[in-house]
Structure formats: C-alpha cells, structure tokens
Amino acid sequence: MSEPRFHSLLPVRPAVQADESALGELDRATWSTLHAVQPRPQPPYEPFFDERHRPEEFLVAAALSDAGEEHVAGYIRLAPATPLACNAHVRQIQGLAVADWARGHGVARELLRASYAEARRQGAGRLTLRVLGHNTPARKLYASEGFAVEGVLPGEFFLNGRYADDVLMGRSLLS
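Here the structure is a predicted model, which means the values were calculated and not measured.

At a closest axis distance of 11 Å, the pairing of helix α2 (residues 107-121) and helix α3 (residues 136-144) adopts a crossing angle of 45 degrees. With respect to their mutual orientation, α2 and α3 come out oblique. Seen along the crossing, α2 lies across α3 with a hand that is right-handed. Of the residues in α3, those touching α2 at Ala 108, Arg 109 and Leu 112 are Leu 141, Tyr 142 and Ser 144.

Here is the structure:
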C-alpha cells in the first residue's frame with residue numbers, strides 16, 4: 001500500500017462495496033501480533049466483505065492526498081454484540097485499523113467517535129469491545145474515550161509462545 005502525503009482528513013463515512021479492495025489491503029498491511037489472534041493472512045486472500053462481514057457494519061476514514069486523491073486511512077467495524085433480542089441495545093467494536101501513514105493524526109479517535117453516533121442511530125445505548133491485554137496503546141485510547149475495563153479473561157489466547165489476556169471494555173452511549 002502506498003504511503004501518500006495527505007492534505008486533509010475527510011469526514012468518516014459508511015463503507016461501500018467499492019471499498020473492499022482498499023480495506024482488504026489495509027487489513028493485511030496493519031496485521032500485528034499486538035492485536036491479532038488469527039495468523040497473518042496469506043494469499044490467496046479471502047474477500048474482506050462476506051456474509052458475516054457486511055459493508056454496512058464498517059465506517060471508513062479517508063484522507064485527501066496532496067494530489068487530491070482519496071485514500072482509505074482506517075476503518076472501524078461496529079456490529080451487534082450477539083444476535084439475541086435481549087442484547088439488541090449493545091453494539092460491539094469488532095475491528096479497528098489505521099494505516100501507518102495516517103497514525104498520530106487522530107484517525108482512530110475520529111473513527112471511535114463516529115461509531116458512537118452510528119451506534120446511537122441504530123438504537124444502541126451501550127458499546128463494548130475486546131482488546132488484548134498487552135495492547136497498551138489501544139487500551140489507553142479506549143480509556144481516554146470513556147471505556148472502562150469490565151472483565152479480564154486471563155491467558156485466554158496463546159500467541160507467539162505466550163499467554164495473552166482478553167480484556168472486555170465497555171461504555172455507555174446514554175450520556
């Protein structure tokens with residue numbers, strides 16, 4: 001993925017089918033043991049969108065390059081936490097990625113804030129996420145955005161020869 005010099009961030013928008021290639025490239029480029037529990041993707045790559053990962057679940061951050069071209073800077077996936085009617089008031093962040101060239105410019109924070117508005121639009125009053133215990137940068141960002149640790153599953157994953165905690169965080173959308 002090229003690393004454009006960008007002029008300005010565009011407003012966060014819903015993903016469309018045409019974003020599939022760029023989002024797939026971004027997902028592969030940002031894969032890291034810091035946050036991934038699945039092995040590194042290998043060719044031939046699976047489609048980014050499928051029946052379980054639909055475009056309408058994603059919000060996209062894009063930036064205009066100095067040349068005036070739009071480049072995907074990041075995405076966030078916002079999905080129902082479960083298919084249960086009694087849990088319909090909860091949305092869960094099930095993925096957040098920011099391109100290396102866009103890091104440090106508030107893209108992740110903008111995606112998070114856009115997800116609050118979208119979750120509220122969908123009728124949610126609560127937002128949750130799961131993050132690996134050793135992902136300190138993400139945990140700090142989420143805490144600064146009002147997420148609190150609500151549970152820890154110690155040693156839930158075995159990654160790179162070590163056990164990693166699975167941390168559940170959540171926040172209200174009602175205030």
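The next subject is the side chain of Asp 19. Following the sequence through the fold, Asp 19 ends up in the loop between β2 (13-14) and α1 (20-29). Residue class for Asp 19 comes out buried when judged on its relative accessible area of 7%. Side chain to side chain, Asp 19 and Arg 13 meet in a polar contact 2.8 Å long. Sequence-distant contacts of Asp 19, that is, excluding residues within four places in its chain, are made with Arg 13, Pro 14, Phe 49 and Val 60.

A word on α2. With 15 residues, α2 extends 21 Å between its outermost C-alpha atoms, agreeing within 8% with the 21 Å of an ideal straight helix rising 1.5 Å per residue. For α2, every residue scored as buried is listed here: Val 107, Ala 108, Leu 111, Leu 112, Ala 114, Ser 115, Tyr 116, Glu 118 and Ala 119.

What counts as what
- Per chain, residues are indexed from 1 in the order of the written sequence.
- Only residues with pLDDT of at least 70 get local features here, since the model is predicted, and only at 80 or more are side-chain atom pairs given and counted; chain-wide, interface and lining totals rely on the full set of residues.
- Calculation of side-chain values draws on the structure's entire complement of heavy atoms; hydrogens and water are dropped beforehand.
- Angular values range over 0 to 180 degrees, each being the angle between N-to-C directions of two axes fitted as lines to C-alpha atoms, with helices fitted over their stretch in contact.
- The numbering of helices and of strands both runs from the N terminus, where a helix is a DSSP run of H or I of at least 4 residues and a strand a run of E of at least 2.
- In these notes the angle categories are as follows: under 35 degrees is roughly parallel, over 145 is roughly antiparallel, 65 to 115 is roughly perpendicular, and the rest is oblique.
- Handedness of each helix crossing follows the sense of rotation of the near helix against the far helix: counterclockwise by less than a right angle gives left-handed, clockwise gives right-handed.
- Every residue pair with non-hydrogen atoms within 4.5 Å of one another is taken to be in contact.
- Each residue is placed in one exposure class: buried if its accessible area under a 1.4 Å probe, protein chains only, is under 20% of its type's maximum, exposed if it is over 50%, and partly exposed if it falls in between.
- Pairs of N or O atoms within 3.5 Å make up the polar contacts considered here, provided that, within protein, one atom can donate a hydrogen while the other can accept it, and that residues adjacent in sequence are counted only when both atoms are side-chain atoms.
- Multiplying 1.5 Å by the helix residue count minus one yields the expected span of that helix.

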